[in-house]
Every structure is written in structure tokens, then in C-alpha cells.
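A look at the structure
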Number of protein chains: 2
Amino acid sequence: MPTYRAPIKDMNFILHDVLNIQQYNTLPGYNEASPDIVAAILEEAGKFVENELQPLNHSGDQEGCTRHEDGSVTTPKGFKEAYAKFIEGGWTGLSSPVEYGGQGMPHVLGMCLEELLLGANHAFAMYPGLSMGAMSAIRLEGTDTQKDKYLPPMIEGRWTGTMNLTEAHCGTDLGLMKTKATPQADGSYSVKGQKIFISAGEHDLTENIVHLVLAKTPDGPDNIKGVSLFIVPKFNVNEDGSLGKRNGVTCGSIEEKMGIHGNSTCVLNYDGAQGYLLGEINKGMRAMFIMMNAARIGVGIQGLAHSEVSYQNAVDYAKDRLQMRSLTGPKNPDGPADPIIVHPDVRRMLLNSRSFNEAARTLMLECALDVDMLHIAETLEERQAADDRVSLLTPVLKGVFTDRGYENATNAQQVYGGHGYIQEWGMDQFVRDVRIAQIYEGTNGVQALDLVGRKLGANGGRAMQAYMTEIATYLKANADNDVLADYLPALNTGFKDLQAATMWLMQNGLNNPDNAGAGSVAYMHLLGHVALGYTWCKIALAAQEKLDAGDSDIDYLQNKITIGRYYMRRRMIETAALRAEVEAGAEDVMALDAAGF
Amino acid sequence: MPTYRAPIKDMNFILHDVLNIQQYNTLPGYNEASPDIVAAILEEAGKFVENELQPLNHSGDQEGCTRHEDGSVTTPKGFKEAYAKFIEGGWTGLSSPVEYGGQGMPHVLGMCLEELLLGANHAFAMYPGLSMGAMSAIRLEGTDTQKDKYLPPMIEGRWTGTMNLTEAHCGTDLGLMKTKATPQADGSYSVKGQKIFISAGEHDLTENIVHLVLAKTPDGPDNIKGVSLFIVPKFNVNEDGSLGKRNGVTCGSIEEKMGIHGNSTCVLNYDGAQGYLLGEINKGMRAMFIMMNAARIGVGIQGLAHSEVSYQNAVDYAKDRLQMRSLTGPKNPDGPADPIIVHPDVRRMLLNSRSFNEAARTLMLECALDVDMLHIAETLEERQAADDRVSLLTPVLKGVFTDRGYENATNAQQVYGGHGYIQEWGMDQFVRDVRIAQIYEGTNGVQALDLVGRKLGANGGRAMQAYMTEIATYLKANADNDVLADYLPALNTGFKDLQAATMWLMQNGLNNPDNAGAGSVAYMHLLGHVALGYTWCKIALAAQEKLDAGDSDIDYLQNKITIGRYYMRRRMIETAALRAEVEAGAEDVMALDAAGF
């Protein structure tokens, strides 16, 4: 059965040594986040997920959720008790605002917690995870009354939240939705329609669920511009915050999925449920995008988390499993065979994962820092720069991290040979669970289109221009840095490929948008490689700096440099092919008539 | 629910127009395989798999196999009846020798049937599929008495066969096995031990099962050189061919797997079962390799079959699902949105699959032709050439076809968006089922090692030398061929990358075998690209030749050329990166101590 070791040490190293978050210690939240406090919080979080959540991961997968005849849903055995401990520990409010009962810690810490939850138990983590997006939308779009009513119990974890977008005939194209919200005399709306794929849509963990539902009003246009967002609580909430009448929203069925069986993915039927407009009428997509951007980074972390946990287990297996001799002679001469970690191809699979995990975690936390900074940085310029960068990199976090997460989980399963295919060993669950991350919150193809069609060109290309300038400046400043001698050739090449591909898209994507569409996924992965390679350079310098300062954790720090070298010299090789795929354009992609497929 | 359309038209085109099998019509088997006969057989096979097997695919996955307390196993509902029709149709003996009751048709036809069975129902296809390997071993290693006793009922399909290699602590490294076979006074052996992962190890489809079991004899060396092969029938067989006493082999449990639930993967316990030596003592691996080579090509076909069926369903969905507008303006202006097949990235995923499927099917059938020719070609030279080529390409068929099959099935699932994750739609089953093909019969990493460590160097590199000469000759001969103007640049580049990578391995793999190991998988995929690109050239020329001859099926033939162009110009881009990965060598792969992982 798989295990999970919370990667706390790595998180502390990244937060303090690579990102040096102490430099922000005059800013709100960061003033509380001293190294000691951060270490203590992560330590506790690590214990919690290892002891309470990870042991429920496999059993939750096997048992799944159960819908009863009255539409109620029971989560797998142990989830309810674990959730009670989770809110008892105050984890739901870690990075939520103090004024509504949260602890006000920075987002970077919240993201660390998110990875730990997901690494231990993806299906469980989604119950509080969905709440985070719903809370963001209420915080930013809600009236004071709405905020006072919904935020405190959600931050406390007594209630969870959901996002209701998809209908059977529309996911990406929400303008086609049929759910209707009709205004009532009392100012509320009567919501009618059916939503599908609603994660955590019904469960027994909390006394109430706050559904955020997209619907069209009768007078608005029948397209995406006529979509508004509504709060539809499972139980209506009285003035004093106590629960009132059961609302007209019920779980019609639970989907039988490939994975994340421990999370209830519901068909929700709205039969004239009472709903309350959140934000402006017909501006539902704006509010929904607030939730989606946060959610997309969260989904990216799912890719990382599965890559990490599947890697850890594959390493344990590779050190333990004796099979064949090393190609260069016995390494375990007294045993019947060598551990399979001696074999280059096993190492290749493991290192592909490891060299991704550590850079991805750093990049994810750098983006989390940007999410904080876009709110709290001192100057408007800094806020805008942070906003630009996280907007640009969100498709990479979502699209690239989950594609790699799937690939790495598959390789980790491969290390187990035949045992990897047997459910008892648990490796297939990582593959099945992480698979959804490539699909939901906008498929990875949609992420890539968001990148090339929206993010690249936004504000005259300001975000991409700034990011390229940042890397160019870095390359120039470090050109003679010996520590990076093995790193910079790959970053230089990758960066040139990225520049060329970007230029090609600018020149050829406008006159024929299919040129942008055909190369969009390749471009996203190209940007991902460069972003991760650039991140490895920063990690290596930070590690070397500690070594130079006489830090005693020599193996850990030197291994960082070794693993980064692997990424630069063996993984970034792919940038040329990705650039060539972008530059191949749309011709051969569009050549075949639909009938010819 | 998914559907399956047997790709009969494509098979006829490949057999007759690309491979021109009529040129062999003086050879045994081929003299029976006129275009009319072949077409009629494929037509019947297609109907059978579409009507009888495909409808049981999803239900078989959902139900799985059931082991009862007495160790007996029930296959999913409908399998038994379908199997009865299968043997009634004579399909089990299609390409088996006439002298034992088979129909003696060429291997190329048998391989077509194999793809059809697997495309319709992988789990079902494995029951007769495993028999094929067992029959080969008995044919080549058995005494006349053994052949007379076992082959006719196996060819008839009344009995099936199995391969028993793996034990809990050894899969790749069979020298570690513990199963013992002790000689008895009557010349038989008493077999004791436990085998795991035995596909079709116990079931209710046939009255008997012929297990081929690897075991060590008491006097042999305790390593791979002390392994012998034994026939252990589930029921002993009397002189007259009737069934005798139940033998001491029982199913201890069925594995709960990620996929292929309709096939019973058994733990088999041998408690002093009566076994009969097959072939020479201590030469069990030789016989086992006969089975494995056939089985590896069969597993490669699994990759192709899943790629094909998942592609077909994804195309249907992409034509049907309306979502968003084309980037270049509405293509379905009267509908609420355009079918998603207008989107370049959806087409990219579909074309990656389609452009693989048709070349892979051709390459597979070309190898099947080699399997025939290595037995029946007129000259020794031709036989050796055929043997060399199929040996060289077997790792590609197994390793590359299944890696691509998994990737393509994953992309086909992706085309469905959220629906792809829901079991009801059936796309996740293709991903789960094809996953095993990367693992069993030697993981794809083991295939790659077989290629670089054994096949490349065998007989002084004769096979690879011949294959490279073949391609070089082809490139030269067709250099001015206008039909291939868009094709040859990629084949030229890919071929140069392959030559360079091969040279690098020769120069650096001997002094440090880890250099060969570290690049082995990349090298296998590089060879795969070149082999498939070369195959596309042959397909395009065949299509153009028919067009020039005035064939009326213009769209079909022109589409072939269009799809091939896609492969050459968008997929073969990867060869440079694969070569670079080979040439990166072992240094960064081996740098980290095991403790550092």
C-alpha cells in the first residue's frame, strides 16, 4: 500500500532560501510568517495529512461515495471524522482573512497546505478545495451582508462551497447553458435546471453547502453575456446565521468515474431553488473567472502532488525490488540480484519526475507569491507585474503540471512492473486520479488556447514581454556564473526557441488563428520547459549559496544541483521539437475534411 | 457507449496494394489467400467481432471475472456463448497448420484477425490469444506424441493455453524463480510452486487448459540456465485424448487490476501437479522465447487496436459535439455552435492517432509477412532477412506501439472532455485496458534494452545494417519522386538521426553499458519514428499508384496521402530530440546516489 511523506523540508527550503519570503515581512500576512512559524505550521500540516488523510486514500478509492434514495450522499468511511479533525485544526481558514475568522497567513502557505492535502488524498482535498474558489468569489463580488452571512462558516469549515458551471450539453461553451433564474418578488431568484460534474456537490461532511450557480435570467441575452452567478445554499440561512428551510436543490445521481472515487461528483437538479444574485446581473462569467483562476492553479498543484507521491513510492519500490544485475556489474553482490534503482531506464523515469517536482513546486510557490503580491505589494507597478506574471503562467501551472503529473504517475506505475497494474499496490490510483486534472477546469487544450489566444496578446503583450525581459536579464547577469555553467546552455537554447515560437505566433496567428490553435499545446509546453529551467537555475544558485555559507546539509544541497543538471541537460532537449511543432503551422492539421476522419 | 468498426477496408488495401501479398501466391498458405478469399474472411471476421465481441466489452469490464470457493472461475456474462460461436466459426485455427486441423492461412491474416479481436474486446481476445503462444511452443519443441495430443484440441479451440513465468518476487529476472519440478518414476514431473499474473489462468470457456510452466529441476543450476518448460494440463489427458484426472493446479485468487477486467488474471498454485517436460531439460528459456516473441508482437497489436477503436469513437464524438465556434468563423452557422472537430487542437489529437494507426497497421502486417517468410521463403537468404527484420522490429512493435497506444487512447479520452472521465462513456476503459500492454511480456524498458543490448549487436549488427541499407536504398531510389516531395525531407532527417544515434551507441555503449541503458527507450522510439515514416512513404506511393491507375476511390486514397504528410511533417519532428537524448549519455542519469533519490 502506498505511503506519503510530506515534502516539508523542500517547502521550507523553497520559501526561505529560494524565494526568500522574509524580504516581505513588512507586508500583511508575511509579517506573521517567520521561518519558525512557517516551519511549525508545515510540520503540523504534514503530520495531519500523513496520519489522518493518507490512510483513507486507498480505502476511499475502493469504497467510493454512496447516494441514498432521498438524494443524500455518504462519503467513504473515515472521511467525516477526518474532516472534523481538519476543521478542528483550523486548516480551512489558514490563508483566509482575519476579519471573517481566518488566520490571514500568506497564500504561499495556503498553497503548501494544498499540495500536502492533495498528495495525501486528492478526493478528500477537493471538499475543502472547492470551498476556496467559492469563498474568493463571495469575497470579491458579494455584498457585505453576503460576506457576513457566508464567509465565516465557510472559513470555519462548517459549510463547504461548490462551483456549478457544466450542463450535459455544455462545458467549455457556457453560453449554451439552459439553467434559468427567474426573479421573485422578494428580490431572490427561482433557479431551475440541471448541472452535471459538480464536485463535492452533496456529502455528509458539513451541515450546509453553498452552491455558486451560473444561470440565465429571462430578460438577458441568450448567450454568454446573459449569464449571472447565484448563491444557492443547500439550506437557506436565517438572519441570525442559523439554518432555515431545505432548498430545492438535490443530487440526482453520482457519476461513476475513472478515479477520485472518494469525491462525490454529482448531477444537481435545481427545481425552483431559491438563489441570490452574486455580483452584477449578466456579469456571472467575471465572478466565475475569479473562481476558475484560483481553481486552475489548484488543479495544477494536483498534477504536482500526484507526481510527488507516485515518485516517492516508486523510489521505495526501486530500492527494495531485486531484479537483474546492473549493466556495469553487481552492485549488491551478496543478494540474489541488484535493486532495480541501478538500472538507467528506471532512474530515467524517476529523475524525469523528481527533476520536475522540485522545480514545479518552486514555480507554483512563486506564483502563489504573485497571487499575494497582486493584492499587497507596495507599489501599483509591483502589483501589476505580479498579476501579469501569474496570469501568464496559470495555463502552464494547470496545463503543463497536469500533463507531466499524468506522465510521471504513469512512469512511477511502470517502475512497479506488473505489480503497478494491480490495485492492491495503489499505483494505478494515482494515474486514475490525476487523469481528471488534465480535463476539468478547462481541458489542457483550452488552457493552451487561453495562453496563446488571450494571455499572450493581453495589454499589447505586456506580460510575456516582461517575462522574456526578466529571463534575458537573468541570462545576461549570470552569463559568467560558474555554478550555472552546465545549466545556462539549455536555458539559452530554450529561451531562443521560446522567443522564435512567440514571434512566429505573432506573425502567423493573427492572419490565420488556426496557426495559433494548431501549435498552442506545443507552445504551452515550450513555455513550461523554459519556466521550469529558469526556476532550476534559481534553485541551484540558492543551494550553492547555502553550501558556500557552510551549511551542513551538504548532500541535500548538492543533490539539488545534480537533479537540476538532469533537467537542463536531458529534459530541455525537447524545446527545439516543440518550437518546430509551433512553426509547422495549421496546414497539415486542417488539411483533412471532417468527412475524411 | 463506444462502438467499433472493423477496419477491413484498410486491411485489404495494405495486404494487396501496399504489401502486394499476391506476389507470394506460389508459397504455402499464400496460394490460398487470393484477394477474394482474404476479403471474404476479413468481412466475416469483422461482422463477428462487431456483433458478438464488442457488445460484451463494456459489460465485461464492469462485471469482471468471479472466482468461486472451489477455485473455479466464471467469466463475464456472454463470454462463454461468444466463445462457443468463436470456435464454431473456426477462428481459432485460421493460421494454424492444416495437419493438426487448422486452416493454414498465412500469418498476415491471423494478425488481421488478432487486431479485430483486440479492437472489439481486449479482455476476451486474450483467452484465445494466449493459446497461440502456447501452441507455437508445443509445435516447435514438442514430441510428435505431444503435438498429436495437445495441438488438435487447442487449434479447435476446445482447450486454451497459458504461459506461466512470473512469480511474486520475479518477473524480468526469471533466474530467481522458486517453482520446482521433481522427476517421477513414470517420466513425468511433480510441479510445486506459485505463479502469479497468469492471464486466462482459469476460466469456464473450455473443458481443459494447457499450462506451460517454467520451473527448476532439482539437479539443474539454481539460475536461468536451470529452468525447464513443462506442460501441465488442468485435466490430465488420456491416451485416447479424453480427459482424465483433475491435475494439482488451482486458482488461488484473481487479481484486482486497473483494467482488462474481463480476463481472469490468476494466482496459480501448483501442489505437486503432474507435468511433462517440453523440449530439452534446462532449455526452458529457449522455448519460452518462442512464445514471448509471438506474444510481444501480439501485445504490440493491442496498442494499435486501442489506438484505433478509441480514435474511431473520438472522431464520432468530435463530429457530434457542438461547442464554441471555429477560430476562423462559424462552420455550422445554423447550429448553436460548431462541432469540435473544427478546432485545431482536437484535430491534432485525432491526427496523431490516425497517422499512427494506418502506418502501424502496415508495419505490423509487414512484420507478419516476415514471420511467414522466415518459415516459407524460397531461399535461405530471404528467410534469414525476414527473421532479422522481424527480430529487430519486435521491440518497436511491442514498445513503441503500446506507448503510442496509451498516448492515443488518452488523447481520445481527452477529446470527450469531462465525459471522457465517466465510465458510462467507455473511453476510460481503453486507457485502463491498453495500459497493461506497456507492462506485460517484458516492460517497454525491457524491450528497449532487448533492442540496444541484444538486437542491435546480434550477428555483428547484421539486422540493423540490412535495415539501414534498405532505407538508404529507398531514399536514393525515390529522391526525385514528386509524390514523396513532402515526405522525404522528414525521412532523410529521421534516418540521419537514427544513423547518428546508432553510431553513438556503438561507440559509447560498449565501454559503458549504462550509456546504452540510459538512451535505450529514446532509441527505440527513434527507430519507431523512422520505421513508421518509411512505411508512410510506401503507403503514399501505393495510394498514388492506384489514383494514377484511375481507381474510383479518390477520397480514400487522397486522404491517405494527406494523413501521411501529417505524420512526416508534424510527428517526425521528434527524431532530433530523441537522438539528443541518446547522445546525452548516462552521466546525468547515474549521477545521483541511490540514497539521494
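Source: prediction; values computed, not measured.

Secondary structure summary: chain A contains 18 helices and 11 strands in total. Taken over the C-alpha trace, chain A has a radius of gyration of 24 Å; the compact-globule value for 597 residues is 25 Å, and the two agree within 12%. Along the first, second and third principal axes, the C-alpha atoms of chain A reach 80 × 60 × 60 Å. With 597 residues in all, chain A has 64% of them scored as buried. A fraction of 73% describes how many contacts in chain A between residues 6 or more apart in sequence connect residues 24 or more apart. As displayed, chain A offers around 20,900 Å² of accessible surface, 50% of which is attributable to carbon and sulfur atoms. Seen as two clouds, the 51 positive and the 74 negative side-chain charges of chain A have centres 3 Å apart.

Our focus in this paragraph is helix H13 (residues 458–477) of chain A. Residue and element names in this part refer to chain A. The first and last C-alpha atoms of H13 sit 28 Å apart over 20 residues, in line with the 28 Å expected at 1.5 Å per residue. At Gln465, H13 is deflected by roughly 30°, the largest bend along its length. Turning to H13, its buried residues are Gly461, Ala463, Met464, Tyr467, Met468, Ile471, Tyr474 and Leu475. On its buried face, H13 is in contact with helix H10 (380–415), helix H14 (488–509) and helix H15 (513–548).

A word on the relation of the copies chain B and chain A. Once turned by 180° and shifted 0.0 Å along the axis, chain B lies on chain A with an RMSD of 0.0 Å. The operation mapping one copy onto its partner corresponds to a two-fold rotation axis. Minimal C-alpha distance to the rotation axis in chain B is attained by Ala577 of chain B, lying at 3.3 Å. Comparing interface residues between copies, 100% of those in chain B also lie at the interface in chain A; the contact surface is shared.

This next bit is on the pattern of salt bridges. Residue and element names in this part refer to chain A. Within the structure shown, the criterion is met by 82 salt bridges over all chains. The partner of Asp388 in a salt bridge is Arg462, with the nearest N and O atoms 2.8 Å apart. Taken together, the residues Asp388 in helix H10 and Arg462 in helix H13 connect sequence positions 74 residues apart. Since its relative accessible area comes to 31%, Arg462 is described here as partly exposed. A single network of salt bridges, built from pairs that share partners, joins Asp10, Glu115, Glu308, Arg354, Glu358, Arg361 and Lys560.

Here we take up the nonpolar core. Core analysis: the largest hydrophobic core is formed by 404 residues, its most contacted members being Leu212, Leu350 and Tyr523 of chain A together with Leu212, Leu350 and Tyr523 of chain B. Beyond its immediate chain neighbours, meaning those up to four positions away, Leu212 of chain B contacts Ala134, Ala137, Ile138, Thr162, Met163, Asn164, Leu229, Phe230, Ile231, Leu278 and Met291 of chain B.

Glancing now at the packing of helix H9 (residues 344–376) of chain B against helix H15 (residues 513–548) of chain B. Residues and elements named next belong to chain B. As a packed pair, H9 and H15 sit with axes 9 Å apart at the nearest point and diverge in direction by 90°. Taken together, H9 and H15 sit at an angle that is classed as roughly perpendicular. The residues of H15 that touch H9, namely those facing Ser355, Phe356, Glu358, Ala359, Ala360, Thr362, Leu363 and Glu366, are Ala531, Leu532, Thr535, Trp536, Lys538 and Ile539.

It is worth spelling out the side chain of Asn352 of chain B at this point. All names here are of chain B. Tracing the backbone through its elements, the reader meets Asn352 in helix H9. We classify Asn352 as buried; its relative accessible area is 5%. A distance of 2.8 Å separates a polar atom in the side chain of Asn352 from a polar atom in the side chain of Tyr566. With near-sequence residues (within four places) excluded, Asn352 lies in contact with Asn408, Tyr566 and Arg571.

The next thing to look at is the interface of chain B and chain A. Taken residue by residue, the interface counts 88 residues in chain B and 88 residues in chain A. For the pair chain B and chain A, the summed buried surface comes to about 7,700 Å²; carbon and sulfur atoms form 60% of the total. The largest contributions to the chain B side of the interface with chain A come from Tyr421, Arg570 and Phe597 of chain B, which together make up 12% of the buried area. Here chain B is connected to chain A by 6 salt bridges. In this structure, Glu587 of chain B and Arg569 of chain A form a salt bridge, with 3.4 Å as the shortest nitrogen-oxygen distance. For the pair chain B and chain A, the interface holds 51 residue pairs in polar contact (both at pLDDT 80 or more).

With that settled, the discussion passes to unusual backbone geometry. In the Ramachandran plot, Met324 of chain A falls in the positive-phi region, its phi being about 65° despite a non-glycine side chain. For Met324 of chain A, a relative accessible area of 35% puts it in the partly exposed group.

Under the definition given, this model contains 33 aromatic pairs over all chains. Between the aromatic rings of Phe79 of chain B and Phe124 of chain B, the centroid separation amounts to 5.6 Å while the plane-to-plane angle is 70°, which identifies the pairing as edge-to-face. Placement of Phe79 of chain B in helix H4 (residues 79–88) and of Phe124 of chain B in helix H6 (residues 122–141) is noted, with a sequence separation of 45 residues between them. In this structure, Phe79 of chain B and Phe124 of chain B share a single accessibility class: buried. Aromatic rings pair up to connect Phe48, Phe79, Tyr83, Phe86, Phe124 and Tyr127 of chain A into one cluster. Positioned above the aromatic ring of Tyr556 of chain A, the side-chain terminus of Lys9 of chain A is 4.3 Å from the ring centre. Over the ring of Tyr534 of chain A we find Lys538 of chain A, and its NZ or CZ is 4.0 Å from the ring centre.

Bridge analysis of strand S8 (residues 235–237) of chain B against strand S9 (residues 243–246) of chain B gives 2 bridges, and the strand direction is antiparallel. By the bridge assignment for S9 of chain B, Phe235 of chain B is matched with Arg246 of chain B.

Rules and cut-offs
Residues numbered from 1 in each chain as written. Chains lettered and ligands numbered in written order. Predicted model: local features only at pLDDT ≥ 70, side-chain atom pairs only at ≥ 80, totals over all residues. Heavy atoms only, no water. Helix = DSSP H or I, 4+ residues; strand = E, 2+ residues; numbered from the N terminus. Rg over C-alpha atoms; globule rule 2.2 N^0.38 Å. Buried < 20%, exposed > 50% of the residue type's maximum accessible area, 1.4 Å probe, protein only. Contact = heavy atoms within 4.5 Å. Areas by Shrake-Rupley, 256 points an atom, 1.4 Å probe, with all protein chains shown as cover. Lys, Arg positive; Asp, Glu negative; His and termini not counted. Charge placed at Lys NZ, Arg CZ, Asp CG, Glu CD. Expected span 1.5 Å × (residues − 1). Bend = angle between axes of the 7 residues up to and from the residue. Least-squares fit on C-alpha atoms with pLDDT ≥ 70 in both. Salt bridge = Lys/Arg side-chain N within 4 Å of Asp/Glu carboxyl O. Core = buried A, V, L, I, M, F, W, Y, C linked by side-chain atoms within 4.5 Å. Axes fitted to C-alpha atoms, helices over the stretch in contact; angles between N-to-C directions. Parallel < 35°, antiparallel > 145°, perpendicular 65-115°, else oblique. Polar contact = N/O pair within 3.5 Å; in protein donor to acceptor, adjacent residues only side chain to side chain. Buried area = accessible area lost by both parts, 1.4 Å probe. Phe/Tyr/Trp six-rings, centres within 6.5 Å; stacked < 30°, edge-to-face > 60°. Lys NZ or Arg CZ within 6 Å of the ring centre and 35° of its normal. Pairing = 2+ DSSP bridges.

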